Amino acid sequence: MENRGDKTQKEGFVAGIPVQSENIAFTADEMIACAKCGKENPPNRANCLYCATPIDLPEERKLEARLNLRPLENWEKGFNLVFISSTVDADAARAARYLSIDPEIFSKMLAVSNPFPIARLESKADAEIAVEKLKNFGLSTSVVNDETLKVDKMPTRLRGIEFRDESIAVTTFNTDDRIQIAREDLVLIVAGSMIESKTESVEKRKKKETKLLQETETTSDEKLIDIFSGNDMTGFRIPTNGFDFSCLGSEKGLLASANMDRLLEKLLQFSPVAEVVDEYRLIVNILSTVWEVDQHKDFHGLTRTGIGRSGFANVSRTSNLTQFTKYSRLQRHIL
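Rules behind the numbers
- Residues numbered from 1 in each chain as written.
- Predicted model: local features only at pLDDT ≥ 70, side-chain atom pairs only at ≥ 80, totals over all residues.
- Heavy atoms only, no water.
- Helix = DSSP H or I, 4+ residues; strand = E, 2+ residues; numbered from the N terminus.
- Rg over C-alpha atoms; globule rule 2.2 N^0.38 Å.
- Buried < 20%, exposed > 50% of the residue type's maximum accessible area, 1.4 Å probe, protein only.
- Salt bridge = Lys/Arg side-chain N within 4 Å of Asp/Glu carboxyl O.
- Pairing = 2+ DSSP bridges.
- Core = buried A, V, L, I, M, F, W, Y, C linked by side-chain atoms within 4.5 Å.
- Contact = heavy atoms within 4.5 Å.
- Axes fitted to C-alpha atoms, helices over the stretch in contact; angles between N-to-C directions.
- Phe/Tyr/Trp six-rings, centres within 6.5 Å; stacked < 30°, edge-to-face > 60°.

Trainee: Break down the overall build of the protein for me, citing the residues and quoting the values.
Mentor: The secondary structure content of the protein amounts to nine helices and 16 strands. The C-alpha atoms of the protein give a radius of gyration of 27 Å, which is well past the 20 Å a tight globule of 335 residues would have. Seen along its three principal axes, the alpha-carbon backbone of the protein occupies a region of about 105 × 65 × 40 Å. Split into buried and exposed, the 335 residues of the protein put 39% on the buried side.

Now the structure itself:
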């Protein structure tokens, strides 16, 4: 005789209560085969679940696709979703939920006056779908991939600038080449800073326990100015250290940091038509939620800390130099 409990279990009931009120699974007809590996995927994925190849979704399914919001490592090549503008009735709350961003942080991102990365995605397919989805929420965005920003190539460092009547002559740091930029050809000025920290520590390790014996931390903050001409996408960089401020004439002061501020003002006076981006220092913390600063840790092995005492030495370093370069290049790319 068939057990009554077995029968109800087979019919999708437990103790007379339905296990599932509706069928939430995709049918076999709805599944989409990957063009590369041939495996079936649910129609709400932009990329293959098995080989990560972009899936050619039907138009009616694209906006339903789930984003792969896996945080990317700095060395990975991603696709940056860049906020440009929003409508008066934009639904920022829904957009924040869609991107899994804290609403307060998202609000600060949208308040930035220049193009700003709000997400870094793994695939172009995901990024393009996100652009269309955010458009429905009243947000205008663009996709800029990491390859375009070319952060492996640093801006050309400058040693000096000479202001002329209708142009400036910039001198490169290592080669002493002189390059002339016409007044109307200076299109973008980006002010920022290079913030680096170093932490040296010595630890004593015993079994599974670690005890900190000593720690020293140093931090440096150096102002930077990037300038771009009309046909240049990599830019020239003016550093605080090693730059000749004699171009300021009688306005040159004793402090290099103050001279950088005066030089920025002089560049603005020289080319009033150039776009100016000078809020990096105010938004660096928000920017770090999308583009993390570089972190590196070196292990120096066993070292003496005193008479008869020793421990394992470590040196941890952080730097925002790559982050600022990406931000600066992004402004040039969107210009």
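Trainee: Can you tell me about the pattern of salt bridges, naming the residues and giving the values?
Mentor: Summed over all chains, the structure comprises 14 salt bridges. In this structure, the salt-bridge partner of arginine 164 is glutamate 162, at a minimum N-O distance of 3.6 Å. The class for arginine 164 is partly exposed, based on a relative accessible area of 34%. As a salt-bridge pair, arginine 237 and aspartate 226 come within 2.8 Å of each other at their nearest N and O atoms. Remark: aspartate 226 occurs in strand β12 (residues 209-229) and arginine 237 occurs in strand β13 (residues 236-239); sequence separation between them is eleven residues. A residue is classified by how much of its surface remains accessible, and arginine 237, at 7% relative accessible area, is buried.

Trainee: Give a description of the pairing of strand β10 (residues 178-182) that names residues and reports values.
Mentor: Relative to β10, strand β9 (residues 167-172) runs antiparallel, the two sharing five bridges. By the bridge assignment for β10, threonine 171 is matched with arginine 178. Hairpin remark: β9 followed by β10, antiparallel, with five residues in the connecting loop; positive phi at aspartate 176, about 60°.

Trainee: Outline the nonpolar core, supporting the account with residue identities and numerical values.
Mentor: Residues Leu99, Phe106, Phe116, Ile118 and Leu134 are the most contacted members of the largest nonpolar core, which totals 51 residues. If we skip the residues at most four places from it in the chain, phenylalanine 106 touches Ala92, Ala95, Ala96, Leu99, Ile101, Ile118 and Leu139. Residues Ile168, Ile181, Ala191 and Phe236 belong to the second largest nonpolar core, which totals 22 residues.

Trainee: Lay out the sheet that holds strand β5 (residues 79-86) with the relevant residues and their values.
Mentor: Taken in spatial order, the three strands of this open sheet run β6-β5-β7, and their pairing is antiparallel. In this open sheet, the two strands that pair with only one neighbour each are β6 (116-121) and β7 (139-145). Neighbour-to-neighbour, the strand axes of the sheet open up by a mean angle of 30°, direction not taken into account. Pairing geometry for β5 and β6, over five bridges, is antiparallel. Bridge pairing links leucine 81 to alanine 119 in β6. The strands touched by helix α5 (residues 124-136) are β5, β6 and β7; relative to β7, the strand with the most contacts, the crossing angle is about 165°. Strands in contact with helix α9 (residues 321-334) are β5, β6 and β7; relative to β7, the strand with the most contacts, it is inclined by about 115°.

Trainee: Explain unusual backbone geometry residue by residue, including any values.
Mentor: The backbone of lysine 150 shows a phi angle near 45°, a positive value even though the residue is not glycine. Topologically, lysine 150 is positioned in the loop between α6 (146-149) and β8 (156-163). In this structure, aspartate 176 is a non-glycine residue whose phi angle is positive, near 60°. Within the secondary structure, aspartate 176 is located in the loop between β9 and β10. Assessed through its relative accessible area of 42%, aspartate 176 is described here as partly exposed.

Trainee: Run through the packing of aromatic side chains, naming residues and quoting values.
Mentor: Ring pairs (aromatic) are described by centroid distance and by the angle formed between their planes. Applying the stated criterion across every chain yields a total of five aromatic pairs. For the ring pair tyrosine 98 and phenylalanine 137, a centre distance of 6.2 Å and an interplane angle of 70° mean the geometry is edge-to-face. Taken as a pair, tyrosine 98 in helix α3 (residues 92-99) and phenylalanine 137 in the loop between α5 and β7 lie far apart in primary sequence, 39 residues in all. Comparing tyrosine 98 with phenylalanine 137, the two get one shared label, buried. Note on phenylalanine 163 and phenylalanine 270: the rings are 5.8 Å apart at their centroids and 70° apart in plane angle, and the pair reads as edge-to-face. Of the two residues, phenylalanine 163 sits in strand β8 while phenylalanine 270 sits in helix α7 (residues 256-270), which places them 107 residues apart along the sequence. By relative accessible area, which is 5% here, phenylalanine 270 ends up buried.

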